[in-house]
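Observations on the model geometry
If you want the building blocks of each chain, they are given just below.
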Amino acid sequence: TKAMVMQHFDDLVTDRDIRLDSARVFIKDFDETRPYLDRYWVNSTSGSTGNPGLFIFDQTAWTAVLASFARAHEWAGLRVSLTHRMKMASVASTVPAHMSALVGATLKSWWMPALRLAASEPLQSSVQRLNEWQPDMLVAYASMARILADEQLAGRLLIHPHMVFTSSEVLTDETRHRIEAAWGHPPFNQYAATETGGMAAESTDHNGLYLFEDNVIFEVVDAQYHPVSPGVYGEKLLVTVLFNRTQPLIRYEISDSVRLAVEPSEHPWPFAKIDGIQGRSEDILHLPATSGGDVAVHPLTFHRALDTAPTSGWQVVQEADGLRVLLNGDPNAVEDSALIDSLTRALVAQSVVIPRITIQHVATIPKAVSGKTPLIRAYRPA
């Protein structure tokens, strides 16, 4: 697990010059132009699971990370042209040591000038800067892509990207539809992690994400680490990174719930495919069951009930005495009682003792430090 890797950091790295204390000092005074110990790229996780980590790549491994993101672009049909510049805009984390920012800094080039906006930046400012920049390609967290699509549909955002890439969060069907309505073509979803770089990406068929199995070995497992069959969601993912010799990760645990596709790949690529991502196990709410005990309610239950609501964003917050649903957008467009009824029916189907459900209309949905907007926030006793 990440906690184990950090606890035994100095023992697990293969270069004895690397030390956790000095790596943390390096991150604190981060300079993207100067590698750690003059030869390593240090990436920090956002700590969205409550346990931030440091992951280190040498030149060869960092090149593999960069290539993994380039592969996602290639599969989407993006072609490099040295005679035509493609302006890119990214709305994600701009924290220098986060992978999305460090990859962008490493890949600075004449042919793809980039505007990098923090997902935590005020929306009005982001809209203004995007309108001034006029990107050919937009890369954003899934939640930000949905918000920007709504701004485009409302006529405040006036950009015309040829390609839209989403990552880092669950891309719901409704968000995909809104992006397509805003810009005339569906987004290309990517699956990546700080520990691995790019792990999977959509192709032009938009039919699931093909795994980068030449870079990473993937094992979809249940809570007891037993393999899960294709077509069934696992509780977590175990990954073995094949290219990082400095900080080896073998059967490293990622708490994502994913599903391998049953049908074979439609491409000649020798790669398996995932056709569903439910998010992290931390996004699963455990609610009392009508028959006793509790029920694990997966995020998809809430997606089905809330994604079609006329709102720019939502978040379900589990509290000690019930569920609070935050909604962003025009409060007059939503009938709160009907939304509560829809959620109640969805939970009844899960054999859950129905909790108190309240609706709260907010100007903005709270974000994590990285700028990500978690859709589900499970209750954490103080």
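Notes on the structure follow.

Considerations on the overall build of the protein chain
Assigned secondary structure in the protein chain consists of 10 helices and 20 strands. The C-alpha radius of gyration computed for the protein chain amounts to 21 Å, which stays within 12% of the reference 21 Å derived for 382 residues, consistent with globular compactness. When its C-alpha atoms are laid out on the principal axes, the protein chain stretches across 60 × 50 × 45 Å. Within the span of the protein chain, comprising 382 residues, buried residues form 52% of the whole. A separation threshold of at least 6 residues defines the contact pool for the protein chain, and within that pool the share at least 24 residues apart is 62%. For the protein chain, the exposed area adds up to about 17600 Å²; of that, 53% sits on carbon and sulfur atoms. Positive and negative side-chain charges of the protein chain, numbering 32 and 43 respectively, have mean locations separated by a distance of 3 Å.

Some remarks on helix α3 (residues 20-28)
Inspection of α3 places Leu20, Ala23, Phe26 and Ile27 among the buried residues, and these make up the whole buried set. Buried residues along α3 cover an arc of 120° about the axis, so they all sit on one side. Exposed residues lying more than 90 degrees from the buried face of α3 are Asp21, Val25 and Lys28. As for α3, its buried residues are in contact with α1 (2-7), α2 (9-12), β1 (41-44) and β2 (54-57).

Topic: the environment of Leu238
Along the polypeptide, Leu238 turns up in strand β11 (residues 236-241). For the pair Leu238 and Asp38, spaced 200 residues apart in sequence, the C-alpha separation works out to 31 Å.

Quick word on the layout of surface pockets
The calculated volume of the second largest pocket comes to roughly 470 Å³. Within the residue set of the lining of the second largest pocket, elements represented by two or more residues are α7 (142-153) and β17 (313-319). At 7 residues, α7 tops the list of elements feeding residues into the lining of the second largest pocket.

Some details on the sheet that holds strand β18 (residues 322-328)
Read from one edge of the open sheet, 4 strands run β19-β18-β17-β20, paired in mixed fashion. Sheet topology places β19 (357-362) and β20 (376-377) at the edges, where each strand pairs with a single neighbour. Each of β18 and β19 touches helix α10 (residues 336-348); the most contacted strand, β19, lies at about 135° to it.

Considerations on the side chain of Thr240
Among the structural elements, Thr240 can be located in strand β11. Given the relative accessible area of 12%, Thr240 is considered buried. For Thr240, the side chain forms a polar contact with the main-chain nitrogen of Arg251, separated by 3.0 Å. Residue contacts for Thr240: discarding those within four places in its chain leaves Asn215, Val216, Ile217, Leu249, Ile250 and Arg251.

Concerning the sheet that holds strand β12 (residues 252-254)
Spatially, β10-β11-β12 is the arrangement adopted by the 3 strands of the open sheet, whose pairing is antiparallel. Looking along the sheet, the strands with just one partner apiece sit at the ends: β10 (216-221) and β12. Here the strands of the sheet are splayed against their neighbours by 30° on average, with no regard to which way each runs.

Structural notes on the packing of aromatic side chains
Taken as a whole and judged by the stated rule, the model has 10 aromatic pairs. Plain terms: the ring middles of Tyr210 and Trp269 are 5.3 Å apart, the flat faces sit at 90° to each other, and that makes the pair edge-to-face. With Tyr210 in strand β9 (residues 209-211) and Trp269 in the loop between β13 (256-260) and β14 (273-280), this residue pair connects regions lying 59 residues apart in the sequence. Sitting over the face of the ring of Phe212, Arg71 holds its NZ or CZ atom 4.8 Å from the ring centroid. Residue placement shows Lys87 over the ring face of Trp133; its charged tip is 4.5 Å from the ring centre.

About the criteria used
- Residues numbered from 1 in each chain as written.
- Predicted model: local features only at pLDDT ≥ 70, side-chain atom pairs only at ≥ 80, totals over all residues.
- Heavy atoms only, no water.
- Helix = DSSP H or I, 4+ residues; strand = E, 2+ residues; numbered from the N terminus.
- Rg over C-alpha atoms; globule rule 2.2 N^0.38 Å.
- Buried < 20%, exposed > 50% of the residue type's maximum accessible area, 1.4 Å probe, protein only.
- Contact = heavy atoms within 4.5 Å.
- Areas by Shrake-Rupley, 256 points an atom, 1.4 Å probe, with all protein chains shown as cover.
- Lys, Arg positive; Asp, Glu negative; His and termini not counted.
- Charge placed at Lys NZ, Arg CZ, Asp CG, Glu CD.
- Arc of directions from axis to C-beta.
- 1 Å grid on protein atoms, 1.4 Å probe; cavity = no way out; pocket = protein on both sides within 12 Å on 5 of 7 lines; lining within 4 Å.
- Points joined across faces, edges and corners; volume = space filled by probe spheres on them.
- Pairing = 2+ DSSP bridges.
- Axes fitted to C-alpha atoms, helices over the stretch in contact; angles between N-to-C directions.
- Polar contact = N/O pair within 3.5 Å; in protein donor to acceptor, adjacent residues only side chain to side chain.
- Phe/Tyr/Trp six-rings, centres within 6.5 Å; stacked < 30°, edge-to-face > 60°.
- Lys NZ or Arg CZ within 6 Å of the ring centre and 35° of its normal.

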